[in-house]
Amino acid sequence: MAFPHRPDAPELPDFSMLKRLARDQLIYLLEQLPGKKDLFIEADLMSPLDRIANVSILKQHEVDKLYKVENKPALSSSEQLCFLVRPRIKNMRYIASLVNADKLAGRTRKYKVIFSPQKFYACEMVLEEEGIYGDVSCDEWAFSLLPLDVDLLSMELPEFFRDYFLEGDQRWINTVAQALHLLSTLYGPFPNCYGIGRCAKMAYELWRNLEEEEDGETKGRRPEIGHIFLLDRDVDFVTALCSQVVYEGLVDDTFRIKCGSVDFGPEVTSSDKSLKVLLNAEDKVFNEIRNEHFSNVFGFLSQKARNLQAQYDRRRGMDIKQMKNFVSQELKGLKQEHRLLSLHIGACESIMKKKTKQDFQELIKTEHALLEGFNIRESTSYIEEHIDRQVSPIESLRLMCLLSITENGDARCSSDTHYGPEHLLTFSNLRRAGLLTEQAPGDTLTAVESKVSKLVTDKAAGKITDAFSSLAKRSNFRAISKKLNLIPRVDGEYDLKVPRDMAYVFSGAYVPLSCRIIEQVLERRSWQGLDEVVRLLNCSDFAFTDMTKEDKASSESLRLILVVFLGGCTFSEISALRFLGREKGYRFIFLTTAVTNSARLMEAMSEVKA
Amino acid sequence: MDCYTANWNPLGDSAFYRKYELYSMDWDLKEELRDCLVAAAPYGGPIALLRNPWRKEKAASVRPVLDIYSASGMPLASLLWKSGPVVSLGWSAEEELLCVQEDGAVLVYGLHGDFRRHFSMGNEVLQNRVLDARIFHTEFGSGVAILTGAHRFTLSANVGDLKLRRMPEVPGLQSAPSCWTALCQDRVAHILLAVGPDLYLLDHAACSAVTPPGLAPGVSSFLQMAVSFTYRHLALFTDTGYIWMGTASLKEKLCEFNCNIRAPPKWCVYAAHSKERAVVVAWERRLMVVGDAPESIQFVLDEDSYLVPELDGVRIFSRSTHEFLHEVPAASEEIFKIASMAPGALLLEAQKEYEKESQKADEYLREIQELGQLTQAVQQCIEAAGHEHQPDMQKSLLRAASFGKCFLDRFPPDSFVHMCQDLRVLNAVRDYHIGIPLTYSQYKQLTIQVLLDRLVLRRLYPLAIQICEYLRLPEVQGVSRILAHWACYKVQQKDVSDEDVARAINQKLGDTPGVSYSDIAARAYGCGRTELAIKLLEYEPRSGEQVPLLLKMKRSKLALSKAIESGDTDLVFTVLLHLKNELNRGDFFMTLRNQPMALSLYRQFCKHQELETLKDLYNQDDNHQELGSFHIRASYAAEERIEGRVAALQTAADAFYKAKNEFAAKATEDQMRLLRLQRRLEDELGGQFLDLSLHDTVTTLILGGHNKRAEQLARDFRIPDKRLWWLKLTALADLEDWEELEKFSKSKKSPIGYLPFVEICMKQHNKYEAKKYASRVGPEQKVKALLLVGDVAQAADVAIEHRNEAELSLVLSHCTGATDGATADKIQRARAQAQKK
């Protein structure tokens, strides 16, 4: 039932090299501080670090104890302290407090700060302001690309989304450019480049500059990856706001996949312990269901269980020799499969339980209605009821945003600030990032809407935010949807078992906008004929194509496409593009600043009490 | 052929020396060389002459003149000497002229007489004066050693990185030593000096007396000493006319010679490359080459001459000529020696016969081939060509080599090709106009890179570029580098307008890789041409290079926009901090206002590090909206006391009003009221109310049984009816207070309908209560409600009554098992009936 790849599908490049590079560099940095040392790791870096170098490797390089960077005084007694952190001011203050405490106590130790993926001038400045710049040595661990799977590279920078799309802070763009540069040095140049979005354009240009400064190395190399497509998250918020229904997306929405692995709680493992499970192509069972619509998964799993049973059963008629063979060769694999199978079945059950409780069907129905643009009043009252029930502020916010974008800011729903005062700021944030969109001037504002909209009609705020991102832009979702045919016309039931198009990732109701854009551009090999769409996306100045004339690229490489999501992508989008790849004989490789979903998007915009 | 060796002079059995003219000098000197301070740089470098030095008899009012010439006597610079008396001149390895003054100051001039910098050899010298000074070359650079009036030595091994070392005192030294020199051994500079019959070696720590082994007796004074170019060998000239030659370490004697001339020689210079056993000694009119042979070679000097030691020989120049004296290299000797039967000689002969179309050519060739020495012959010819000064002779040797090559199967062409190239370069730079008389060995020692540097130093850009192109040097090392130098020189031409210079530079340089426009701009700025520097920076593709210079030039705003263009936030930040210190606060904020990207970056920083500044930023912009948000954030993040929090909220509300954001203002005011109220609740009822949202507050009240209060609160804050109903419903169900719930349901008509009641009861598994409400559910949702409580039969009835197809299917899907069989049938019948109609 899982779709096999077409026989002519191109081979993926080997990305494990990235891991080796990162590991070697880290070891080199650790060795720069010879002798026993304690390592302080920022919480956000723990999971990525675990994928690169496990504790025993760290121990090999004389890391004595591991601590988490948190706002508590450190109890380390080591003479050498090493900090592995993201370049954040908060962390600098923590380190400063530690060093200054030592100074007060008359203690001298060696301190080394390793910034990942790069250090920022602001951090060094804080160190200087705190008077410890001379006491610590700074290094960079240029670890910006973590291969989460054979076709998925993550920069593990969830803050990219808020920093760029809300605060207008462009510092990570350089990091993206560096990452692209690394890829092109390792895997050859990209003959065809496309992109859409302000950030995409900036990253692309920075990257080009890097290549020019250091040219010579990549010149003359055969490209391994034929196309690269850069896409800003704010080009398509809608897809990211939808509830996910393909298995991997659903697991992410329900249990939160973190850095490629998920913690299955006791309700899934049917024991009293939680279990951390790595979800990637190596998990045979998962690999077959990850891209499936959830409605198929259960059937598939039970079929699988029966097959497994049959294989176990084979041993009945065996003689001793065959049995020996079976035990030594097959049993282990079967056992493994058995274990995985029971885990995923457990996960499915748990998802079903959770989703029925919250009237998941109703929710999905409302979302689809919003996407298709009918029964608006019904949807609005559903959302109002959702708010009235005060179930989950994040969910309510998400639905409001979805309504606002799909209905072009014409949100006739009541906003509620009674979740707490900080959410007043959250609203302001959503506006600024373009997740709650402005109603076109002149339209009559409904009573409640007017209250909210005033949050940003203020000229000064508008002027500033206008300059960075998509604030105050009208969402033209309806028009775009029509132009790109995002809502497939269905005669009869959409057969989710045999998907016809990418819409299957949303139960056949909606083709993800981002994926459709990519599909269209790849088909045309340019933005030609998509002018109207680009205009509607408010990206007229930020859609670009760049092709190199000489075609040294093999046909094999031309069917490999690197898609770069700036601001995060969802598993649904990944599944949709994987499907597209199978249909057209492409292979997609995904590079994202972080894997995201609707909840993460909303949380990034929320003001939380510290 | 025999005439070719006419100028060869044998020294013993092993070596020949020859002297040939390099140039006839046309510098038109008015004075005798002996009346000038002279310094000539090695490797065919320039000659500096300081005429009219400080002589007692001359009037002090006459200013001396410093002239700089090329080795061929072409004037390069001339300037009036305006500083103090000069003791000694010398050239550094970078061809900078070091002028050591009597007061210990060392003035550094460029090749074109441009003043570079000056440094002092220490304060002690101020009183004692400098008696004598030497400039010497080490592997680190160029050093200066001085002898002071107090008979103390001070030296610096590298003038580029000045570290003065005062040498220890020489015991019993009352007058100046008869001769001294700087030695460089094991990377340390020493001083070797002679006082009467004694020799002393000074290093940093101590002064030790040394004796050369095998020194002839009767020496009462050393008159001259010479150190070889490589500091390996030493020669001592004594007052008995006896010359001792040995290793510089004074551990071994190599040879000795007695010339029986007791007059102190003017010069004593090492002159051999291969064997390093010959010394050139010169007096006023006599020049002598002595070595490991009983006889010496003698030349007569017609004029007052000056000797320049070179790596492989000695240059001798006078007012009219410039000559080179050196040992004939082995390859040349082999070929040209009279009656030589060396393969190279035969090959040269063969080629000559070949040109004469004589069959002897074949004989010679055969002879070489029979001995199997053709390869050697070719190599010899190539090598010898390198050592010849005359292009004609170079050509005939190369022709011979090329001829010999024809008869060889696999002779690697590199050596031949390279020699041709090298000779072409050498002949070009030896030209009279260029005046760098390098020998092949010197050229190889110097390397092409340094030679190019020297051409650039002489502003011979076109020649340098031609050489680069001819040798096909990589652009970054070759052409680009030279163009960059050219551009740096160009910006110093003050008589050309900024536009013209910038355009000229850009036209020439274009996008040549490896050219840094920012370096050129920095040079322009150094010359005080800021506008030109800015124009040049426009051509710089890397913003990272533009910004620091712009900052230095105090063009911070331009720097800011460049930094923003670059997209490098670190760069922007650098500029921001610079601006922050440079401008007053108001101007700084104004600048930020026009640069949103920088503003947001700075805000991000302030949010973490300088909250007060953030507030000021918003204030400055009259950004009341953000100011409001700022205070709201402060109300829960910074303030702890309730009064403080309310005050912060009040400020926020005021700001929102100013921003005409009534909605936010009202909400903020509500929050203030809520806070106060929560506090009162806490005081009166106990428990935790602070920081709960309004919704949670009400819920908590209901859960606590304070229904009255809850309702009051809902009224005060105008909680919409629907929401209040949901709230109460959830809360009461959680309490399982069914009685109260029923009362509540009957208080008035439910604005949310009764289906939620059913749902919530079922959620608490209270079917009994649920049923009560199911009957009250409106007709549209009735079926759903009935199904929820499990009353399939009645649901079917209602659905049939509604004649609603969707509802019918829904009920049907709930019909399971045998118990519902009848109901299912009923629905099917109703469906059939409906279809009939």
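Per an unreviewed UniProt entry, the recorded name for chain B is Vacuolar protein sorting-associated protein 16 homolog, and the organism is Macaca nemestrina. Heading Sequence similarities (unreviewed entry) of the UniProt record for chain B holds this comment: "Belongs to the VPS16 family." Per UniProt, chain B carries the Function (unreviewed entry) text "Plays a role in vesicle-mediated protein trafficking to lysosomal compartments including the endocytic membrane transport and autophagic pathways. Believed to act as a core component of the putative HOPS and CORVET endosomal tethering complexes."

Taking an unreviewed UniProt entry as the reference, chain A is identified by name as Vacuolar protein sorting-associated protein 33B belonging to Macaca nemestrina. The Sequence similarities (unreviewed entry) field of the UniProt record for chain A holds the comment "Belongs to the STXBP/unc-18/SEC1 family."

Student: Got a minute to help me understand the overall build of chain A in this structure?
Tutor: Each helix and strand in chain A was counted, giving 26 helices and 14 strands. Each of the 610 residues in chain A was classed as buried or not, and the buried ones make up 60%. A separation threshold of at least 6 residues defines the contact pool for chain A, and within that pool the share at least 24 residues apart is 78%. Taken as a whole, chain A presents about 25,300 Å² of accessible surface, with 50% of it coming from carbon and sulfur.

Student: I keep staring at empty space enclosed by the protein and nothing clicks. Help me out?
Tutor: One water molecule sets the probe size; rolling that probe over the atoms shows where empty space is left. Applying the stated criterion across every chain, the model contains eleven cavities of 30 Å³ or more. Estimated volume of the second largest cavity: approximately 140 Å³. Surrounding the second largest cavity, 16 residues form its lining, E167 and R432 of chain A together with K607, E626 and R633 of chain B being those nearest its centre. Mapped by element, the contributors of at least two residues to the lining of the second largest cavity are α6 (159-166) and α18 (422-433) of chain A together with α18 (596-609) and α20 (624-637) of chain B. Ranked by residue count, the leading element in the lining of the second largest cavity is α18 of chain A, at four residues. Of the residues contributing to the lining of the second largest cavity, the split by class is four nonpolar, four polar and eight charged.

Student: How do you make sense of a negative patch on the surface when you look at a structure like this?
Tutor: Residues E212, E213 and E214 of chain A together with D519 and E545 of chain B make up a contiguous surface patch of negative charge. Along the polypeptide, E213 of chain A turns up in helix α8 (residues 198-213). Judged by its relative accessible area of 51%, E213 of chain A is exposed.

Student: What is the right way to look at the pairing of strand β27 (residues 306-310) of chain B in this model?
Tutor: A regular strand places its side chains on the two faces of the sheet in alternate fashion. All names here are of chain B. Counting buried positions along β27 yields four of five residues, so the element is predominantly enclosed. Taken together, the five bridges between β27 and strand β28 (residues 313-317) define a ladder with antiparallel strand orientation. Across the sheet, residue E310 finds its bridge partner in β28, namely G313. A loop of two residues connects β27 with β28, the two strands running antiparallel in sequence.

Student: Explain the environment of N71 of chain A here, please?
Tutor: Tracing the sequence through the fold places N71 of chain A in the loop between β2 (63-69) and β3 (80-85). We classify N71 of chain A as exposed; its relative accessible area is 70%.

Student: Quick question: what am I supposed to make of the pattern of salt bridges here?
Tutor: A side chain of one charge can pair with a side chain of the opposite charge if their charged atoms are brought near each other. Residue and element names in this part refer to chain A. Taken as a whole, this structure holds 55 salt bridges over all chains when the rule is applied. Here R88 ties to E42 by a salt bridge, and the two come within 2.1 Å at their closest N and O atoms. Here the residue R88 occupies a position in the loop between β3 and α4 (89-104), and E42 occupies one in strand β1 (residues 37-42), the gap between them amounting to 46 residues. On the accessibility criterion, R88 (16% relative accessible area) is buried. Judged by relative accessible area, E42 falls into the buried class, the value being 4%. Here D135 and K103 are joined by a salt bridge, their closest N and O atoms 2.7 Å apart. Here K103 lies in helix α4 and D135 lies in the loop between α5 (121-129) and β5 (136-140), a separation of 32 residues in the sequence. Each of D149, D151, E248, R290 and R578 takes part in salt bridges that share partners, so that together they form one network.

Student: Quick question: what am I supposed to make of the sheet that holds strand β25 (residues 286-290) of chain B here?
Tutor: All names here are of chain B. Read from one edge to the other, the open sheet built from four strands follows the order β23-β24-β25-β26, with strand pairing classed as antiparallel. Taken across any chain shown, the strands that pair with only one partner, and hence form the sheet edges, are β23 (267-270) and β26 (297-300). Between one strand and the next, the sheet's axes are offset by a mean angle of 15 degrees, whatever the strand orientation. The pairing of strand β24 (residues 279-282) with β25 spans four bridges and is classified as antiparallel. In the sheet register, V279 faces β25, and the bridge partner there is V290.

Student: Would you explain helix α13 (residues 530-537) of chain B in this entry?
Tutor: For an α-helix, the turn length of 3.6 residues means that residues three or four places apart are oriented alike. All names here are of chain B. Most of α13 is tucked away: six of the eight residues are buried. Along α13, the residues that are buried comprise T530, L532, A533, I534, L536 and L537. Summarising the contacts, the buried residues of α13 are in contact with α11 (498-509), α12 (517-526), α14 (543-552) and α15 (556-566).

Student: I would appreciate a short explanation of α5 of chain A in the present structure.
Tutor: Regarding α5 of chain A, the residues found buried are A122, C123, E124, M125, V126 and L127 of chain A. Structurally, α5 of chain A contributes buried residues whose contacts are with α4, β4 (110-115) and β5 of chain A together with α16 (569-582) and α18 of chain B. A positive phi of about 75 degrees marks G131 of chain A, the residue just after α5 of chain A.

Student: Mind showing me how you'd approach the side chain of S396 of chain B here?
Tutor: Of note, S396 of chain B is situated in helix α6 (residues 391-405). If we ignore the near neighbours within four places in the chain, the residues touching S396 of chain B are L348 and Q351 of chain B.

Student: Could you clarify how one ought to interpret the side chain of R86 of chain A in this entry?
Tutor: All names here are of chain A. With respect to the secondary-structure elements, R86 resides in the loop between β3 and α4. Buried and unpaired, R86 has no salt bridge, with E159 as the nearest side chain of opposite charge at 4.6 Å. At a separation of 2.9 Å, a polar atom in the side chain of R86 contacts the main-chain carbonyl oxygen of E156. Contact partners of R86, with chain neighbours within four places excluded, come to E42, L45, N91, S116, P117, M155, E156, L157 and E159.

Student: Help me understand unusual backbone geometry, please; the structure alone is not making it clear to me.
Tutor: Outside of glycine, negative phi angles account for most residues, and trans bonds account for most peptide bonds. Residue and element names in this part refer to chain A. At the junction of S116 and P117, the peptide bond is cis and its omega measures out at 0 degrees in the coordinates. Note that P117 resides in the loop between β4 and α5. Of note, E62 is a non-glycine position whose phi angle comes to about 65 degrees, a positive value. When you line up the elements, E62 lands in the loop between α3 (55-60) and β2. On the basis of relative accessibility, which here comes to 33%, the residue E62 falls in the partly exposed class.

Student: Help me out: how do you make sense of the environment of Q650 of chain B in this one?
Tutor: All names here are of chain B. Relative to the elements of secondary structure, Q650 occurs in helix α21 (residues 642-658). Looking at Q650, the relative accessible area reads 32%, which means it is partly exposed. Once the C-alpha coordinates of Q650 and G628 are considered, the two residues, 22 residues apart in sequence, prove to be 9.4 Å apart.

Student: Please explain the confidence of the model for chain A as it appears in this structure.
Tutor: Caution applies to low-pLDDT parts of the model: their predicted coordinates are not meant to be read in detail. Residues and elements named next belong to chain A. The predicted model of chain A has a mean per-residue pLDDT of 81, with 87% of residues at 70 or higher. In the predicted structure, residues 410-418 sits below a pLDDT of 50 and forms 36 contacts with residues beyond four places in sequence or in another chain. Note that pLDDT drops below 50 for residues 439-473; the model gives that stretch 74 contacts with residues more than four away or on any other chain.

Student: It is not clear to me how the pairing of strand β11 (residues 130-138) of chain B should be interpreted in this structure. Could you clarify?
Tutor: Residues and elements named next belong to chain B. Summarising the sheet, β11 and strand β12 (residues 141-148) pair through eight bridges and their orientation is antiparallel. When the sheet's bridge partners are listed, I135 is paired in β12 with V144. Counted along the chain from β11 to the antiparallel partner β12, the turn is two residues long.

Student: How should the packing of helix α22 (residues 662-685) of chain B against helix α23 (residues 694-703) of chain B be read in this particular structure?
Tutor: The relative placement of two packed helices is expressed as an angle between their axes plus a distance between the axes. All names here are of chain B. With their axes 11 Å apart at the nearest point, α22 and α23 run at an angle of 20 degrees to one another. Put simply, α22 runs roughly parallel to α23. Considering how the two elements wind past one another, α22 and α23 form a crossing that is left-handed. Residue-level inspection shows L674, Q678, L681 and L685 of α22 in contact with α23, the latter providing L694, T697 and L701.

Student: Can you help me understand the state of the cysteines in this one?
Tutor: A covalent bond between the sulfur atoms of two cysteines is referred to as a disulfide. All names here are of chain A. This structure, assessed with the given rule, holds zero disulfides over all chains. Left without a disulfide partner, C515 is nearest to the cysteine sulfur of C569, which lies 8.8 Å away. Residue C515 is classed as buried on the basis of its relative accessible area, which comes to 0%.

Student: Would you mind going over the sheet that holds strand β6 (residues 146-149) of chain A with me for this structure?
Tutor: The strands that make up a sheet pair up through hydrogen bonds in the backbone, lying either parallel or antiparallel. Residues and elements named next belong to chain A. Strand order in the open sheet formed by seven strands is β6-β7-β14-β13-β9-β8-β12, with mixed pairing between adjacent strands. Of all the strands in the sheet, the pair left with one neighbour each is β6 and β12 (543-547). Strand-to-strand twist across the sheet, computed as the mean angle between neighbouring axes with direction ignored, equals 20 degrees. Here three bridges tie strand β7 (residues 152-154) to strand β14 (residues 587-592), and the two strands are oriented parallel to one another. Across the sheet, the residue bridging to S154 is T592, located in β14.

Conventions we followed
- Residues numbered from 1 in each chain as written.
- Chains lettered and ligands numbered in written order.
- Predicted model: local features only at pLDDT ≥ 70, side-chain atom pairs only at ≥ 80, totals over all residues.
- Heavy atoms only, no water.
- UniProt positions renumbered as here; feature names shortened; annotations may be inferred.
- Helix = DSSP H or I, 4+ residues; strand = E, 2+ residues; numbered from the N terminus.
- Buried < 20%, exposed > 50% of the residue type's maximum accessible area, 1.4 Å probe, protein only.
- Contact = heavy atoms within 4.5 Å.
- Areas by Shrake-Rupley, 256 points an atom, 1.4 Å probe, with all protein chains shown as cover.
- 1 Å grid on protein atoms, 1.4 Å probe; cavity = no way out; pocket = protein on both sides within 12 Å on 5 of 7 lines; lining within 4 Å.
- Points joined across faces, edges and corners; volume = space filled by probe spheres on them.
- Nonpolar A, V, L, I, M, F, W, Y, C, P; charged D, E, K, R; others polar.
- Patch = residues over 30% accessible without salt bridge, like charges linked within 9 Å, V, L, I, M, F, W, Y side chains within 5 Å.
- Salt bridge = Lys/Arg side-chain N within 4 Å of Asp/Glu carboxyl O.
- Lys, Arg positive; Asp, Glu negative; His and termini not counted.
- Charge placed at Lys NZ, Arg CZ, Asp CG, Glu CD.
- Pairing = 2+ DSSP bridges.
- Axes fitted to C-alpha atoms, helices over the stretch in contact; angles between N-to-C directions.
- Polar contact = N/O pair within 3.5 Å; in protein donor to acceptor, adjacent residues only side chain to side chain.
- pLDDT = per-residue confidence, 0-100.
- Parallel < 35°, antiparallel > 145°, perpendicular 65-115°, else oblique.
- Left-handed = near helix turned anticlockwise from the far one by under 90°.
- Disulfide = S-S within 2.5 Å.

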